[in-house]
Amino acid sequence: MFGGIEAGGTKFVLAIGAAADNIEAQATIATRAPEETLAEAADWFSASGVQLAAIGIASFGPVQLDRSAPDWGHITSTTKPGWSGCDIAGYFAKRFAVPVRFDTDVNGAALAEYNFGAGHDADSLAYVTVGTGIGGGIVYGGQVVHGAGHPELGHLYPKRPAQDDGFLGNCTFHGDCLEGLASGPAIMRRWGRALSDLPPAHPAHALVAEYLAQTCHSLFAATAVERIVLGGGVMETPGLLDRIAFRTRALGRNYLPGREKQSVVAPALNPVSGLVGAMILAEEALAG
Ligand code: ZN
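Residues numbered from 1 in each chain as written. Predicted model: local features only at pLDDT ≥ 70, side-chain atom pairs only at ≥ 80, totals over all residues. Heavy atoms only, no water.

1. Observations regarding the nonpolar core
Stated formally: Here, nonpolar core refers to any group of buried Ala, Val, Leu, Ile, Met, Phe, Trp, Tyr and Cys residues whose side-chain atoms link them within 4.5 Å. Relative accessible area decides the class of each residue, using a 1.4 Å probe on protein chains only: under 20% of the type maximum gives buried, over 50% gives exposed, and in between gives partly exposed. Strands here mean DSSP runs of E at least two residues long; helices mean DSSP runs of H or I at least four residues long; both are numbered from the N terminus. Whether two residues are in contact is decided by their heavy atoms: any pair within 4.5 Å suffices.
Counting 35 residues, the largest nonpolar core has Ile-228 and Ile-244 as its most contacted members. No other element matches helix 6 (residues 203-223), which puts 10 residues into this core. If we skip the residues at most four places from it in the chain, Ile-244 touches Ala-209, Leu-212, Ala-213, Cys-216, Leu-230, Met-235 and Val-264.

Here it is, written out as structure tokens:
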């Protein structure tokens with residue numbers, strides 16, 4: 001049996017199952033101080049009486065993913081009180097003495113959509129979540145792209161179109177990067193309301209779609225992935241996905257090779273993609 005943990009800033013979702021697509025028990029606990037939260041999570045696994053073979057963790061970040069680093073499996077420096085330097089992976093490895101695989105929550109979601117969701121019939125996929133922040137992961141042939149850390153798709157710089165009013169953006173690091181322009185808080189700061197609360201004719205809809213379409217075009221051009229899955233709270237705005245998909249095709253100018261295989265779609269596994277991803281990580285941990 002495998003254990004999966006989707007470690008989020010507001011809640012931890014836990015699962016036990018014989019396989020990633022066969023979750024048999026599930027629980028949700030509130031994220032509090034690390035000691036309490038990790039202990040409550042571990043106690044839930046222990047109380048099940050199940051002998052776990054491996055554990056997968058898909059975590060909020062920022063995290064250290066370099067296995068050769070002394071702080072592998074830790075949250076690095078976060079504004080969330082108490083969590084900076086927290087050794088999440090080490091805690092569960094020590095307590096259960098089983099292999100542990102650790103990755104970001106968005107990489108977990110990307111793996112889940114690739115294996116069982118909107119990308120199950122594609123050979124490559126990028127998953128982008130547009131919500132409180134913007135993050136994403138890229139999967140090729142079943143493997144998540146890590147490189148020197150992991151991709152930070154939310155911090156690409158879109159080109160500002162001529163009709164843009166020059167809003168400075170609200171990313172602490174980059175100002176008007178994608179997250180600084182198209183995340184939920186950026187939209188709220190700029191227009192005073194969530195995108196879904198602005199009337200359909202409001203220019204915000206076209207502008208946010210433009211930034212996200214540019215990102216999709218850049219992803220297709222840079223990575224040649226077959227599928228881009230767009231999730232997160234902002235993407236629940238009616239009509240937004242269609243606008244982005246249409247505009248992405250227009251930006252490509254019928255140029256990119258393989259474009260007939262490429263598409264921009266909604267996630268299929270909401271709201272369990274992160275948890276299913278954690279279970280896939282557990283399977284990978286056992287496989288070594
Ligand atoms: Zn940024």
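Picking up after the structure, the text goes on.
2. What to know about the packing of helix 1 (residues 34-47) against helix 2 (residues 88-96)
Condition: Axis definition: a line fitted to C-alpha atoms, limited for helices to the stretch in contact. Angles are taken between N-to-C directions and run from 0 to 180 degrees. Crossing chirality is assigned from the near helix's rotation relative to the far helix, an anticlockwise turn below a right angle marking it left-handed and a clockwise turn marking it right-handed. Classes in brief: Ala, Val, Leu, Ile, Met, Phe, Trp, Tyr, Cys and Pro nonpolar; Asp, Glu, Lys and Arg charged; the others, Gly included, polar.
Across the interface, helix 1 lies against helix 2 with an axial gap of 11 Å and an inter-helix angle of 35 degrees. Where helix 1 crosses over helix 2, the handedness of that crossing is right-handed. Across the interface between the two elements, Leu-38, Ala-39, Ala-41, Ala-42, Asp-43, Phe-45 and Ser-46 of helix 1 pack against Ile-88, Tyr-91, Phe-92, Arg-95 and Phe-96 of helix 2. Residues belonging to the contact of helix 1 with helix 2 are distributed by class as follows: nine nonpolar, one polar and two charged.

3. Some details on the coordination of the zinc ion
Rules: Atoms of type N, O and S within 2.8 Å of a metal are treated as its donors, and for Na, K and Ca the window is 3.2 Å; water is not considered, so some sites may appear to be missing partners.
Protein coordination at the zinc ion: the donors are His-155 (ND1), Cys-171 (SG), His-174 (ND1) and Cys-177 (SG), at 2.1 to 2.4 Å from the metal. Residue class for Cys-171 comes out buried when judged on its relative accessible area of 8%.

4. Digging into the domain arrangement of the protein
Bring the parts together and some accessible area is lost; that lost area is often taken as the interface size. Rule in force here: Just so you know, the domain bounds were taken from an automatic or database domain assignment. Using a 1.4 Å probe, buried area is obtained as the accessible area two parts lose upon being combined, added over both of them. Think of a salt bridge as a Lys or Arg side-chain nitrogen and an Asp or Glu carboxyl oxygen that are within 4 Å of each other.
Taken domain by domain, the protein consists of domain 1 (2-105 + 271-287) and domain 2 (118-265). Each of domain 1 and domain 2 has a C-alpha centre, and these two points are 28 Å apart. At the junction of the two partners, domain 1 supplies five residues and domain 2 supplies six residues. For the pair domain 1 and domain 2, the summed buried area comes to about 360 Å², and 46% of that belongs to carbon and sulfur atoms. By the criterion of area lost to domain 2, the three top residues of domain 1 are Leu-65, Asp-103 and Thr-104, representing 63% of everything that side buries. Taken together, the links from domain 1 to domain 2 amount to zero salt bridges. Those elements giving two or more residues to the side of domain 1 that touches domain 2 turn out to be strand 5 (100-104) and helix 8 (273-287). Residue classes in the side of domain 1 that touches domain 2 are distributed as one nonpolar, two polar and two charged.

5. Brief notes about the side chain of Arg-227
To keep things clear, this is the line we draw: We call two N or O atoms a polar contact when they sit within 3.5 Å, provided that within protein one can donate a hydrogen and the other can accept it, with sequence-adjacent residues counted only if both atoms are side-chain atoms.
Its place among the elements puts Arg-227 in strand 9 (residues 227-231). Within the local environment of Arg-227, its side chain forms a polar contact with the backbone oxygen of Ala-118, the two atoms lying 3.2 Å apart. A polar side-chain atom of Arg-227 sits 2.4 Å from a polar atom in the side chain of Asp-121. Leave out the neighbours within four places in its chain, and Arg-227 touches Ala-118, Gly-119, Asp-121, Ala-122, Ser-124, Leu-125, Ala-126, Ser-263 and Val-265.

6. Side note on the packing of aromatic side chains
Here is the rule we go by: A pair of aromatic rings is counted whenever rings of Phe, Tyr or Trp (Trp by its six-membered ring) have centres within 6.5 Å, and the orientation is called stacked for planes under 30 degrees apart, edge-to-face for over 60 and tilted otherwise.
A full pass over the atoms with the stated rule returns six aromatic pairs. Aromatic side chains Phe-12 and Trp-83 sit 5.9 Å apart centroid to centroid with 40 degrees between the ring planes, which places their arrangement in the tilted category. Of this pair, Phe-12 sits in strand 2 (residues 11-19) while Trp-83 sits in the loop between strand 4 (54-59) and helix 2; the two residues are 71 residues apart in sequence, bridging distant segments of the chain. Each member of the pair, Phe-12 together with Trp-83, is buried. With a centroid separation of 5.1 Å and an interplanar angle of 70 degrees, the aromatic rings of Trp-44 and Phe-45 are classed as edge-to-face. Each member of the aromatic cluster is reached from another via a ring pair, and the members are Phe-12, Phe-60 and Trp-83.

7. Quick look at the environment of Lys-80
Positionally, Lys-80 belongs in the loop between strand 4 and helix 2. Among the residues examined, Lys-80 registers a relative accessible area of 24% and is labelled partly exposed. Look past the residues within four positions of Lys-80 in its chain and what remains in contact with it is Gly-9, Thr-31 and Phe-60.

8. Regarding the environment of Val-106
Tracing the sequence through the fold places Val-106 in helix 3 (residues 105-116). Sequence separation of Val-106 and Gly-137 is 31 residues, and the distance between their C-alpha atoms is 5.8 Å. Excluding residues that lie within four positions of it along the chain, Val-106 makes contacts with Tyr-127, Thr-129, Gly-135 and Gly-136.

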